[in-house]
There are 2 protein chains.
Amino acid sequence: MTNPTPTRDAAEQLALDALHLSARPFPASTKVHKAGTLHPAVRVPHREITLGPTLEHVGGLTRATPNAPLRVYDTGGPYTDAAFVPDLRRGLPVVRSWLQPHPDLEALPEHSSAYTRALHEDGGPLVFPAARAPLRARPGRNVTQMHAARTGVVTPEMEFVAIRENLRQQAAFTDRHAHAGAGFPGLPQASIPREVTPEFVRQEVARGRAVIPASINHPELEPMIIGRNFRTKVNANIGNSAVTSSVAEEVEKMVWATRWGADTVMDLSTGRHIHRTREWILRNSAVPIGTVPIYQALEKVGGVAEDLTWALYRDTLIEQAEQGVDYFTVHAGVRLAHLPLTARRRTGIVSRGGSILAKWCLAHHRENFLYTHFEEICEIMAAYDVTFSLGDGLRPGSVEDANDAAQFAELDTLGELTAVAWRHDVQTMIEGPGHVPLHLLQENMARQFAVCQEAPFYTLGPLTTDVAPGYDHITSAIGAAVIGWMGTAMLCYVTPKEHLGLPDREDVREGVVAYRVAAHAADLAKGVPGAQDRDNALSRARFEFRWEDQFNLSLDPERARSFHDATLPAEAAKTAHFCSMCGPHFCSMKLSHELRGADVLAGLEAKAQEFREFGSALYLNAPDLNAPDLNAADLSAPERP
Amino acid sequence: MTNPTPTRDAAEQLALDALHLSARPFPASTKVHKAGTLHPAVRVPHREITLGPTLEHVGGLTRATPNAPLRVYDTGGPYTDAAFVPDLRRGLPVVRSWLQPHPDLEALPEHSSAYTRALHEDGGPLVFPAARAPLRARPGRNVTQMHAARTGVVTPEMEFVAIRENLRQQAAFTDRHAHAGAGFPGLPQASIPREVTPEFVRQEVARGRAVIPASINHPELEPMIIGRNFRTKVNANIGNSAVTSSVAEEVEKMVWATRWGADTVMDLSTGRHIHRTREWILRNSAVPIGTVPIYQALEKVGGVAEDLTWALYRDTLIEQAEQGVDYFTVHAGVRLAHLPLTARRRTGIVSRGGSILAKWCLAHHRENFLYTHFEEICEIMAAYDVTFSLGDGLRPGSVEDANDAAQFAELDTLGELTAVAWRHDVQTMIEGPGHVPLHLLQENMARQFAVCQEAPFYTLGPLTTDVAPGYDHITSAIGAAVIGWMGTAMLCYVTPKEHLGLPDREDVREGVVAYRVAAHAADLAKGVPGAQDRDNALSRARFEFRWEDQFNLSLDPERARSFHDATLPAEAAKTAHFCSMCGPHFCSMKLSHELRGADVLAGLEAKAQEFREFGSALYLNAPDLNAPDLNAADLSAPERP
């Protein structure tokens, strides 16, 4: 690796940019915390959205009825807390205070990775100033959440995620006004509890149906859970490439992505300063960070895939684990024997990691070294509680290649590797496609459930068509919502720039919000308790023309407001009983309100009673003269003179 | 109605705007026409996209293999034809030359609508200069496509749409490389033929499972078909409201919407100059135009719903039918007896037409006059071949209200009205929701199939969540794709401005393309023959780094190109084997190509043979020493020194 002329400017600039851009609360929102009961050190953040009162105009009087605030799941970390003053050079405060001291962990006097040690000696620019000593499991100990779960221990992380998921404060409300969920026809049903308890979390982690990606070296993390019986999660990819973008931009992209709702972030950097970029990201991230270690390994051998070695890769895993990466994509399912199955594909191998390993395998005519060393990798994962994200290196890159033999051969292998990882009590999720048309999604989910025993599925989209570059956040949000409904636990976002270039800030926002939409659509379908509360609150605000509440309750308050204000910027329009879409005379909601005036409503109630008694009958075939207010005169001349 | 100071400026400006903005071909595209055989006057346009050659570099040589052009369905009308010089003041040329003379039609000496006659006498601004005499069926004749179909006649329109739908020029290609479609689990399957023949079209129209909205007064129309066994169609709504936008803007929006893929356009104008705006739109539209006549009727009574009368509404229907409106939304299913069912809804009645009629019904305590006069409406529809779009005035406006008693009571009524319309041989489609979460879509489709006997379903979205104003093109594209797969025949778009304001040009483009994505995703799932050809061609271009072809094949070539060029603007990047997303060293497609070099590919073929013989076995539980290139040495030290 070559470094540019050393300068402090870059680091300085980095802190500055981020301070300006994303560290601010959402409008009308406050950060609230709820403490654990099993673990008092646990302090779980939610966002509470304050709502305006409902105004009723009766005669000349206006009656104001207050509305309770709505509490929502919050991925934004301290950055959206008004009380928080960010300082990127110090990093975020420690959330998981229980990690140190911890009976099964030891602080290492120096990094175990030779690469890290050499880099530290080198010095150079962009060094993160507030480094900590790395932690590792004491010899013979297993510190994974899965190991704890299987030995019956409810960890602080488990209580944290239970409180975090469990948003049913308005339980009575929820019960009355929410639809029951329903599984996708023909697939095994979810087992979503009415209330998420720490014990439920423990059970799900123990049986491998959920993961809590939480490296012991990432104490800044606000723990979260990924599993089909929890809220559907969203991952955002960031990372520079050799062509463009700086360290500062990448850190800011992480903060930005979590602001809009990314539950985890993958740093896919492939250019210069991979190690240092990652350090800045991790120390400032409240969400789990995932990586694909083979990318950095390839940089270390100058981009020559054939020169990759297990020793080098192993050192890279340890390097990253000691920085605090929470999950690793490992393409151990790209077996040599599967490669011939890709020979006649429309688009070959489209996973970067997959193609790197394929190249290695073919150059050496040997089995993938990630596969042959998989047990050793498990041992490293267990020592730091890094979660596997078993990569789908042979995922389809086009509609034509969907559900082909290469893809499913790899999935079968991932199922076998899941069983191995679970023998080590290593948390595991499974990556999935890719490009898959709607009607082929079900087979993906069914096979994944079967061969991976419901280990969390983590899909890229899927994109349901190839024909819309520039709109692939939409082609894929469609697939993501449907496969989320089917049972996929985390959806990896796709931005509008997919296939065309590196996403910028606005692309990241578009991608994340599109995926929050998909995830929420999936949660409504799955029937996640409390999920519909936000829809109900927003629709009620809409019906009552509480425009400010409507903006504030939306996934992107800024955009909702600016779109409204594009045509009606005046402050008075924020309480107007119409918008520019239909204008004042054609606002159906306004008309609906007029229909609900006290007299009309009383009349409707009486009619409802009649209706129940007489039912509705068809005039045209057989006029029903008993029907309320329909008589023979209506048939010829219902209009007023 | 009050007119502003008369001036020619507005009309002048109108022609000018449109000339500048949208009348241009797509890049690398030419308009091609195919003539009918049953009806030689039929001339069906398609768009043909020219592709660059596939370049192979072998040794020092480059071999170029030409690629056949791809022919695609084209909604753009003459505006995307390089040979066409638009003149909005003259209108588009006549396509349906067979309408005049026609044995069953007569040209009227004057308009039948009293309102139209009065308006013509008034003069005033914005008069369309090139008016034609209106046509009407001769007394006793029925000129609907359905009537013709039922009497065994294959009309020119039927042959037109058969040729238009039938894009299987690359049949051999299609057969080999496309997935078979599959219906949504649990719903009645589609009956999509391998080839769309004029006779198949006739059968589908005869049994009411498809409609060809084609008013006899809209000769500029390029006929199209809406039905579950054809390509999924998209409607775009345009129209000014009292708050904003001009006539010129609306005409331009129509041209613009069809450019991006709108199959039909609804003019929902509610402000001034409704009649004249519509005239300009119709005379310049090659796609079917739909309206909601009750909007104009309400304008005529100064916005006082109670003052609406059947006579007034009837005159409005005739006024619009003689202008050439192709389909009318008629909210005849909003029965008085259904209204009590809306009393406890989260968001009341959200259809503008529905709320107007509800207000009328309640004010008079009488049955909806559209319902009581439905047979007379049918007679008008038959005289001009206007197609019914039976409005869903009680559609849900929030997730909570989805699939409620009010919605389904109305749907049942629409089913009964469909049977009545069909007795008059009047073509009929059924409008559907609205706000419906994913898992409740199936019930909508199942009930619609059952009670409306597969009359084409035409849904607004549906929006799968309420929480994302500003992104409702996405919340709804998700629902649209899924319900399209289920069997909905036309998807009414939703723009990003939905619920917030009147869409502008860019919103229309965003909305239309999002819905083209949804419709195409549905077509792939349904297995529409030839649909996947475009995906395959684009993915092949992608894999071969034919960037120009990739842009040109996409739904929005301009956006694809500009997104790519945002980071790599140089001309050389258009043939580069990477983009800024991953950079040159990490491009998986580039790596895939290297893997396919002649030697490697030969090796893969041999491996494929071995693989089929030995199968894949799991190393970790039981190392398979027969597996190709896996031996004991690999297990311990697979890396090179």
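Just so it is clear, the structure is predicted and the values come from calculations on it, not from any experiment.

Engineer: Give me the UniProt feature "domain: ThiC-associated" (unreviewed entry) in chain A: which residues, what numbers.
Structural biologist: UniProt annotation of "domain: ThiC-associated" (unreviewed entry) refers to residues 25–105 of chain A when read in the numbering used here. Span residues 25–105 of chain A is 0% helix and 35% strand, its end C-alpha atoms 36 Å apart.

Engineer: Break down the confidence of the model for chain A for me, with residues and values.
Structural biologist: Residue and element names in this part refer to chain A. For chain A, the mean per-residue pLDDT works out to 87, and 85% of the residues sit at or above 70. Contacts of residues 1–9 to residues separated by more than four positions or lying in other chains number ten contacts, the stretch itself having pLDDT below 50. In this model residues 611–641 is a low-confidence stretch, pLDDT under 50, and it forms 61 contacts with partners more than four residues away in sequence or in other chains. Scoring of the predicted complex yields 0.91 for pTM and 0.91 for ipTM.

Engineer: Outline the sheet that holds strand β1 (residues 29–35) of chain A, supporting the account with residue identities and numerical values.
Structural biologist: All names here are of chain A. What the three strands build is an open sheet, ordered β1-β2-β5; its pairing is antiparallel. Single-partner strands in this sheet number two, and they are β1 and β5 (70–72). Geometrically, the sheet is characterised by an average inter-axis angle of 40 degrees between neighbouring strands, direction not taken into account. Of the strands in this sheet, β2 (43–49) and β5 touch helix α18 (residues 532–543), which is tilted by about 140 degrees from β5.

Engineer: Outline the packing of helix α8 (residues 274–283) of chain A against helix α10 (residues 310–323) of chain A, supporting the account with residue identities and numerical values.
Structural biologist: Residues and elements named next belong to chain A. One way to put it is that α8 packs onto α10 with a least axis distance of 10 Å and a crossing angle of 30 degrees. Judged by the angle between their axes, α8 and α10 are roughly parallel. As for how α8 packs across α10, the hand of that crossing is right-handed. Of the residues in α10, those touching α8 at His-275, Arg-278, Glu-279, Leu-282 and Arg-283 are Glu-319, Gln-320 and Gln-323. Looking at the contact of α8 with α10, its residues break down into one nonpolar, three polar and four charged.

Engineer: Can you break down the sheet that holds strand β13 (residues 327–330) of chain A residue by residue, with the values?
Structural biologist: Residue and element names in this part refer to chain A. The strand order β10-β11-β12-β13-β14-β15-β16-β17 describes a closed barrel built from eight strands, whose pairing is parallel. Here the average twist between neighbouring strands, direction ignored, is 25 degrees. Bridging between strand β10 (residues 233–238) and strand β17 (residues 490–492) involves three bridges; their strand directions are parallel. Opposite Val-234, over in β17, you have Leu-491 as the bridge partner. Together, β14 (387–390) and β15 (428–432) form the strand contacts of helix α14 (residues 405–423), whose direction differs from that of β15 by roughly 170 degrees.

Engineer: How would you summarise the pattern of salt bridges if you had to cite specific residues and measurements?
Structural biologist: By the definition in use, this model includes 82 salt bridges over all chains. Between Asp263(A) and Arg516(A) there is a salt bridge; the shortest N-O distance is 2.8 Å. With a gap of 253 residues between them, Asp263(A) in the loop between α7 (247–260) and β11 (264–267) and Arg516(A) in helix α17 (residues 505–526) connect regions that are remote in the sequence. With a relative accessible area of 16%, Arg516(A) lands in the buried category. Among the ionic pairs, Asp74(B) bridges to Lys31(B), the shortest N-O distance being 2.5 Å. Here Lys31(B) lies in strand β1 (residues 29–35) and Asp74(B) lies in the loop between β5 (70–72) and β6 (105–107), a separation of 43 residues in the sequence. Asp74(B) sits in the buried class, given a relative accessible area of 4%.

Engineer: Give a detailed account of the packing of aromatic side chains, specifying residues and quantitative values.
Structural biologist: All names here are of chain A. Applying the stated criterion across every chain, the model contains 25 aromatic pairs over all chains. Here the aromatic rings of Phe-200 and Phe-230 are separated by 5.5 Å at their centres, their planes lie at 50 degrees, and the arrangement is tilted. You can see Phe-200 sitting in helix α6 (residues 198–206) and its partner Phe-230 sitting in the loop between β9 (226–227) and β10, a full 30 residues away along the chain. Taken together, a centroid distance of 4.8 Å and an interplanar angle of 15 degrees make the contact between Phe-374 and Phe-388 stacked.

Rules used in this analysis
- Residues numbered from 1 in each chain as written.
- Chains lettered and ligands numbered in written order.
- Predicted model: local features only at pLDDT ≥ 70, side-chain atom pairs only at ≥ 80, totals over all residues.
- Heavy atoms only, no water.
- UniProt positions renumbered as here; feature names shortened; annotations may be inferred.
- Helix = DSSP H or I, 4+ residues; strand = E, 2+ residues; numbered from the N terminus.
- pLDDT = per-residue confidence, 0-100.
- Contact = heavy atoms within 4.5 Å.
- Pairing = 2+ DSSP bridges.
- Axes fitted to C-alpha atoms, helices over the stretch in contact; angles between N-to-C directions.
- Parallel < 35°, antiparallel > 145°, perpendicular 65-115°, else oblique.
- Left-handed = near helix turned anticlockwise from the far one by under 90°.
- Nonpolar A, V, L, I, M, F, W, Y, C, P; charged D, E, K, R; others polar.
- Salt bridge = Lys/Arg side-chain N within 4 Å of Asp/Glu carboxyl O.
- Buried < 20%, exposed > 50% of the residue type's maximum accessible area, 1.4 Å probe, protein only.
- Phe/Tyr/Trp six-rings, centres within 6.5 Å; stacked < 30°, edge-to-face > 60°.

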